[in-house]
Amino acid sequence: MDLINQPIPWYIAGPLIAITMLLLLLVGKNFGMSSNLRTMCTALGADKTCDFFCFDWKGQRWNLLVMFGTVIGGFIAVHYLSGGNTPEINPEAINNLKSLGFESAGSSYLPLELFGTSVFSSVKGIFILLTGGLLVGFGARYAGGCTSGHAISGLSNLQLPSLTAVIGFFIGGLAMVHLIFPLIF
Amino acid sequence: MKNIQYIIIGIFFGVIMLKSEAASWFRIYEMFQFKAFHMYGIIGSALVLGVIFVQLIKLYEIKTFNGEQITFLDKSKSVSRYLFGGIIFGLGWALAGACPGPMFTLLGAGFFPIIIVVSGALLGTWLYGLLKNKLPH
């Protein structure tokens, strides 16, 4: 029983993600989370603003249910499976983060500087989270998929466009962490 | 009943994301700093098994639970949309420390400022829809 209270090691987590994809294929669907954002836009009325959102969003209801499940999964993991504890990240990464002003590095699941409730009263914090989300949403749709759609589903099907997208993910991520972080934090 | 299966798959995925720490901003930062194998191990091992699953489905023409054919659509050929879109996504992934799956898991886990990230992601998706025809694809 003690095992379920431990973090899931990478060599278990990876195969379980592949099984998530397999289960979705076996129920006749595909593994891709970011398309939910488009579905939600349409459900919220974006279909009145441009053609991209004119589709039968109710046909994507199944994926919204998967998304709803991931919300419940997060709740269960934290409340019943001891999830949300501090990850044991690399000490050098912790030092780098502390020098950027992330004092919570190495002592919480998410940086409190960005995800503590005090961020709601920080203009800079809100701006950073909103910009991060905006880039994720815009980029995922522009690239036609995110980590699940391209890095897992697409690459599993040996799709060259997915490899291009994943290379892009890394160019962007490396640029943000190495070039932009020192400027904004 | 069919609805339940989707929710269960989502719960399964959400628990994995949170408990494997793939939903932790710190793990994403560490990955882009090349300071740990953790995230590479998760994605890499998912991929090895994923490729095997897809090849087995194709080789043995494995059907869905309902007996229907499983089809794989090839992604349309292009470089610009995948590269530019990918770079924009990567910038956001590193900044927000969450991609479109884990951001909802974090909401359930009670990290409420993630609502700002989700709002941004919806806004970004909507902006893409507005600008789609003006962008190179």
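Model, not experiment: these values are computed from the prediction.

### Some points on the overall build of chain B
Step number 1: In terms of regular secondary structure, chain B is built from six helices and zero strands.
Step number 2: On the principal axes, the C-alpha backbone points of chain B span a range of 45 × 40 × 35 Å.
Step number 3: Expressed as a percentage of the 137 residues in chain B, the buried residues total 58%.
Step number 4: For chain B, the proportion of contacts with a sequence separation of at least 24, taken over those separated by at least 6, is 42%.
Step number 5: Per element, the accessible surface of chain B, about 5800 Å² overall, is 68% carbon and sulfur.
Step number 6: Here chain B holds 11 positive side-chain charges and 5 negative ones, and the gap between their average locations is 8 Å.

### Here we look at the packing of aromatic side chains
Step number 1: For the coordinates displayed, the defined rule picks out 26 aromatic pairs over all chains.
Step number 2: Centre to centre, the rings of F169 of chain A and F89 of chain B are 4.6 Å apart; their planes meet at 45°, and the pair counts as tilted. Here the residue F169 of chain A occupies a position in helix 8 (residues 160-184), and F89 of chain B occupies one in helix 4 (residues 80-96), the pair thus bridging two chains. This pair shows no difference in class: F169 of chain A is buried, exactly as F89 of chain B is.
Step number 3: Of the aromatic side chains, those joined through ring pairs into one cluster are F169 and F170 of chain A together with F32, F34, Y40, F89 and W93 of chain B.
Step number 4: When the ring centre of F52 of chain A is taken as reference, the NZ or CZ atom of R38 of chain A above it lies at 4.3 Å.

### Notes on the environment of I17 of chain A
Residue and element names in this part refer to chain A.
Step number 1: Mapped onto the elements of the fold, I17 is located in helix 1 (residues 10-26).
Step number 2: Overall, I17 belongs to the buried group, its relative accessible area being 6%.
Step number 3: Separated by 131 residues in the primary sequence, I17 and S148 have C-alpha atoms spaced 9.1 Å apart.

### Overview of the interface of chain B and chain A
Step number 1: Each side of the interface is counted separately: chain B has 106 residues, and chain A has 129 residues.
Step number 2: Summed over both partners, the interface of chain B with chain A comes to about 10400 Å²; 79% of that surface belongs to carbon and sulfur atoms.
Step number 3: For chain B, the biggest contributors to the area lost against chain A are K19, F26 and L95 of chain B; these three give 8% of the whole.
Step number 4: Linking chain B to chain A there are one salt bridge.
Step number 5: In this structure, the salt-bridge partner of E92 of chain A is K35 of chain B, at a minimum N-O distance of 2.9 Å.
Step number 6: The tally of links from chain B across to chain A stands at 26 residue pairs in polar contact (both at pLDDT 80 or more).
Step number 7: For the side of chain B that touches chain A, the elements supplying multiple residues, two or more each, are helix 1 (2-19), helix 2 (25-32), helix 3 (38-59), helix 4, helix 5 (102-108) and helix 6 (114-131) of chain B.
Step number 8: A per-class count over the side of chain B that touches chain A returns 68 nonpolar, 27 polar and 11 charged.

### Brief notes about unusual backbone geometry
Step number 1: For L158 of chain A, which is not glycine, the phi torsion reads 55° and is therefore positive.
Step number 2: For L158 of chain A, a relative accessible area of 59% gives the class exposed.
Step number 3: Notably, E61 of chain B is not glycine yet its phi reads approximately 45°, a positive angle.
Step number 4: Within the secondary structure, E61 of chain B sits in the loop between helix 3 and helix 4.
Step number 5: Relative accessible area serves as the criterion here: at 53%, E61 of chain B is assigned to the exposed category.

### Focus: the state of the cysteines
Step number 1: Taken as a whole, this structure holds zero disulfides over all chains when the rule is applied.
Step number 2: C146 of chain A provides the cysteine sulfur closest to C99 of chain B, a residue in no disulfide bond, and the two sulfurs are 6.2 Å apart.
Step number 3: What makes C99 of chain B buried here is its relative accessible area of 10%.

Calculation rules
Residues numbered from 1 in each chain as written. Chains lettered and ligands numbered in written order. Predicted model: local features only at pLDDT ≥ 70, side-chain atom pairs only at ≥ 80, totals over all residues. Heavy atoms only, no water. Helix = DSSP H or I, 4+ residues; strand = E, 2+ residues; numbered from the N terminus. Buried < 20%, exposed > 50% of the residue type's maximum accessible area, 1.4 Å probe, protein only. Contact = heavy atoms within 4.5 Å. Areas by Shrake-Rupley, 256 points an atom, 1.4 Å probe, with all protein chains shown as cover. Lys, Arg positive; Asp, Glu negative; His and termini not counted. Charge placed at Lys NZ, Arg CZ, Asp CG, Glu CD. Phe/Tyr/Trp six-rings, centres within 6.5 Å; stacked < 30°, edge-to-face > 60°. Lys NZ or Arg CZ within 6 Å of the ring centre and 35° of its normal. Buried area = accessible area lost by both parts, 1.4 Å probe. Salt bridge = Lys/Arg side-chain N within 4 Å of Asp/Glu carboxyl O. Polar contact = N/O pair within 3.5 Å; in protein donor to acceptor, adjacent residues only side chain to side chain. Nonpolar A, V, L, I, M, F, W, Y, C, P; charged D, E, K, R; others polar. Disulfide = S-S within 2.5 Å.

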